[in-house]
Amino acid sequence: MEKEKTNDIEIKDPVISGIGGQIKEIRKQKNWTIHDLAEATGLSKGMLSKIENGRTIPSITTLSAITQALQVDLSLFFNNIESNNGFKYIVKKKSEYGKIEKEGRIGFLYNFILSHKLLDFVLETVVLELEPGAKREKVSTDAYEFKYVLEGSVDYIIGDEVVSLEEGDSLLFDGRIPHLPVNKSDKKVKMLVVYLLFSGE
């Protein structure tokens, strides 16, 4: 099971807070302790506590592991989270971004920008920095993923296929297909990554 770690920052985002609250509520309905959930997911009790209290951003992969352990459908999980459909725009300053490092991934740095529920989907946006020689295994996410290469060049392995991307290129694919970005160059790659999870599927 994937584990992840983040810097200890408080992120004031309604979707993040709603996710943590939902996890805590469902866990208590099942009469589970934090220890029980940690055993079922492979995540630490400290990490789960931070997620439940809105102080840490769970990746879609981590959230999927939690909802599977709690036996809750991931798409239905977001239905009870309030959607702010009347907003005109959202501004996130660079100083409000949160850096995320995930265990088992060498040379991968995620700069979290935004997570927001809009109508029937949840939008999560990060900037991924991929160092030369970065390593991890293929992963799957319960989302559609959009990638836009800001700097450098990268090979994206999607299933058994390899897609080569240069600066300015973009890619959209079903994240349920095992995938892996590979930086074969001696320069850092920077990509805008957008996860789109339909909450009403």
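Residues numbered from 1 in each chain as written. Predicted model: local features only at pLDDT ≥ 70, side-chain atom pairs only at ≥ 80, totals over all residues. Heavy atoms only, no water.

Asker: Explain the overall build of the chain to me, please; I cannot follow it from the model alone.
Answerer: Counting its secondary structure elements, the chain contains 5 helices and 10 strands. Contacts spanning at least 24 positions in sequence make up 70% of the contacts within the chain whose residues lie at least 6 apart. As displayed, the chain offers around 10400 Å² of accessible surface, 50% of which is attributable to carbon and sulfur atoms. (Helix = DSSP H or I, 4+ residues; strand = E, 2+ residues; numbered from the N terminus. Contact = heavy atoms within 4.5 Å. Areas by Shrake-Rupley, 256 points an atom, 1.4 Å probe, with all protein chains shown as cover.)

Asker: Can you help me understand unusual backbone geometry in this one?
Answerer: Both trends apply: most residues other than glycine have a negative phi, and most peptide bonds are in trans. Phi at asparagine 31 takes a positive value of approximately 60°, unusual for a residue other than glycine. In this structure asparagine 31 comes out as exposed when scored by relative accessible area, which is 67%. Look at glutamine 71: it is not a glycine, yet its phi comes out positive at around 60°. Here glutamine 71 is to be found in the loop between helix H4 (60-69) and helix H5 (74-77). (Buried < 20%, exposed > 50% of the residue type's maximum accessible area, 1.4 Å probe, protein only.)

Asker: Could you clarify how one ought to interpret the sheet that holds strand E9 (residues 179-182) in this entry?
Answerer: The strands that make up a sheet pair up through hydrogen bonds in the backbone, lying either parallel or antiparallel. In spatial order, the strands read E7-E6-E9; together these 3 strands make up an open sheet with antiparallel pairing. Two strands close off the open sheet at either side, each with one partner strand: strand E7 (161-165) and E9. Pairs of neighbouring strands in the sheet enclose a mean axial angle of 20°, with direction left out of account. (Pairing = 2+ DSSP bridges. Axes fitted to C-alpha atoms, helices over the stretch in contact; angles between N-to-C directions.)

Asker: What should I look at first to understand helix H3 (residues 45-52) in this one?
Answerer: Residues spaced three or four apart along an α-helix face the same direction, because each turn holds 3.6 residues. For H3, the complete set of buried residues consists of Met47, Leu48, Ile51 and Glu52. Viewed end-on, H3 has its buried residues packed into an arc of 135°, placing them on one side of the element. (Arc of directions from axis to C-beta.)

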